[in-house]
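Here is how the chains run, residue by residue.
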Amino acid sequence: MSGLRDASGTIVIDEAEAESDIRKIELAKSKLNDAKQILNPANIDSERMFGAARDALEEQLLKISQDLSDWEDRCDSSVRYIRHVVAEYKRIDREFAAKARGLK
């Protein structure tokens, strides 16, 4: 999200920027999932690889797969956090607007 403060120094949340960030995160998550599918240890050609080399490769692929899953989870957490922040600022704006109307 760019420009978190306006000219007066007030924090500003731009919903369009937040949605753009969410779309980018969702795209990254999709690419992580694609990579996880490509690197799935089940894709190892059992007839061409065997023994210690196959076991080592499978172990590394499982580790990479877990890392990719962790990154996907972080993407989900980031999206939830961005949505929470936007909702919180909308709530604050509504409360401020209601108070401002009450002062007039």
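Read on for an overview of the structure.

Between helix α1 (residues 15–38) and helix α2 (residues 51–103), the shortest axis-to-axis distance is 9 Å and the interhelical angle comes to 165 degrees. When the interaxial angle is binned, α1 and α2 end up roughly antiparallel. Handedness of the crossing formed by α1 with α2: left-handed. When the residues that make up the contact of α1 with α2 are grouped by side-chain class, the tally is eleven nonpolar, four polar and nine charged.

With that settled, the discussion passes to the nonpolar core. In this structure, Ile-13, Ala-18, Ile-22, Ile-25, Leu-32, Leu-68, Cys-75, Val-79, Ile-82, Val-85 and Val-86 together form the largest nonpolar core, which totals eleven residues. Contributing elements (two or more residues each) for this core: α1 and α2. Looking at this core element by element, the count peaks at six residues for α2. Ignoring any residue separated from it by four or fewer positions in sequence, one finds Ile-82 in contact with Ala-18, Asp-21, Ile-22 and Ile-25.

Take the pattern of salt bridges next. Side-chain pairs of opposite charge can arise whenever the charged atoms involved come near each other. Under the defined criterion, the tally for this structure stands at seven salt bridges. Across the pair Asp-76 and Lys-29 runs a salt bridge whose closest N-O atoms are separated by 2.7 Å. Taken as a pair, Asp-76 in helix α2 and Lys-29 in helix α1 lie far apart in primary sequence, 47 residues in all. When its relative accessible area of 23% is taken as the criterion, Asp-76 is described as partly exposed. Residue classification places Lys-29 among the partly exposed positions, given a relative accessible area of 22%. A salt bridge links Lys-63 to Asp-67, with the nearest nitrogen and oxygen atoms 3.2 Å apart. Linking Lys-63 with Asp-67, this pair stays in helix α2, spanning four residues, or about one helical turn. Residues participating in the shared-partner salt-bridge network are Glu-88, Arg-91 and Glu-95.

The subject of this paragraph is α1. Three or four residues apart is the spacing at which side chains of an α-helix point the same way, because the helix has 3.6 residues per turn. Between the first and last C-alpha of α1 there are 35 Å, a value that for 24 residues agrees with the 34 Å anticipated at 1.5 Å per step. Every buried residue of α1 is accounted for by Ala-18, Ser-20, Asp-21, Ile-22, Ile-25, Leu-32 and Lys-36. Those residues of α1 that are buried are in contact with α2. If you check the start of α1, you find a side-chain oxygen 2.9 Å away from the backbone N of Ala-16, and it comes from Asp-14.

Criteria and thresholds
- Sequence positions are assigned chain by chain, starting from 1 and proceeding in written order.
- A pLDDT threshold of at least 70 governs which residues receive local features in this predicted model, and a stricter bar of 80 or more applies before side-chain atom pairs are shown or counted, although totals over entire chains, interfaces and linings include all residues.
- No hydrogens and no water enter the side-chain calculation; it runs on all heavy atoms of the structure.
- Axes here mean lines fitted to C-alpha atoms, for a helix over just the part in contact, with angles spanning 0 to 180 degrees between N-to-C directions.
- Going along the chain from the N terminus, every DSSP run of H or I of four or more residues is numbered as a helix, and every run of E of two or more is numbered as a strand.
- If an angle is under 35 degrees, it is roughly parallel; if it is over 145, roughly antiparallel; if it lies from 65 to 115, roughly perpendicular; otherwise it is oblique.
- Crossing handedness is defined as follows: a turn of the near helix away from the far one that is anticlockwise and smaller than a right angle gives a left-handed crossing, while the clockwise case is right-handed.
- Under the scheme applied here, ten amino acids are nonpolar (Ala, Val, Leu, Ile, Met, Phe, Trp, Tyr, Cys and Pro), four are charged (Asp, Glu, Lys and Arg), and all others, including Gly, are polar.
- Throughout, nonpolar core names a set of buried Ala, Val, Leu, Ile, Met, Phe, Trp, Tyr and Cys residues whose side chains join them through atoms within 4.5 Å.
- Buried residues are those whose accessible area, probed at 1.4 Å on protein chains only, stays under 20% of the maximum for their type, while exposed residues exceed 50% and partly exposed ones sit between those limits.
- Contacts were defined at the residue level, with two residues in contact if any of their heavy atoms lie within 4.5 Å.
- Put simply, a salt bridge is a Lys or Arg side-chain nitrogen that is within 4 Å of an Asp or Glu carboxyl oxygen.
- Multiplying 1.5 Å by the helix residue count minus one yields the expected span of that helix.
- Pairs of N or O atoms are called polar contacts if they sit within 3.5 Å, as long as, within protein, a hydrogen donor faces a hydrogen acceptor (for residues adjacent in sequence, only side-chain-to-side-chain pairs).

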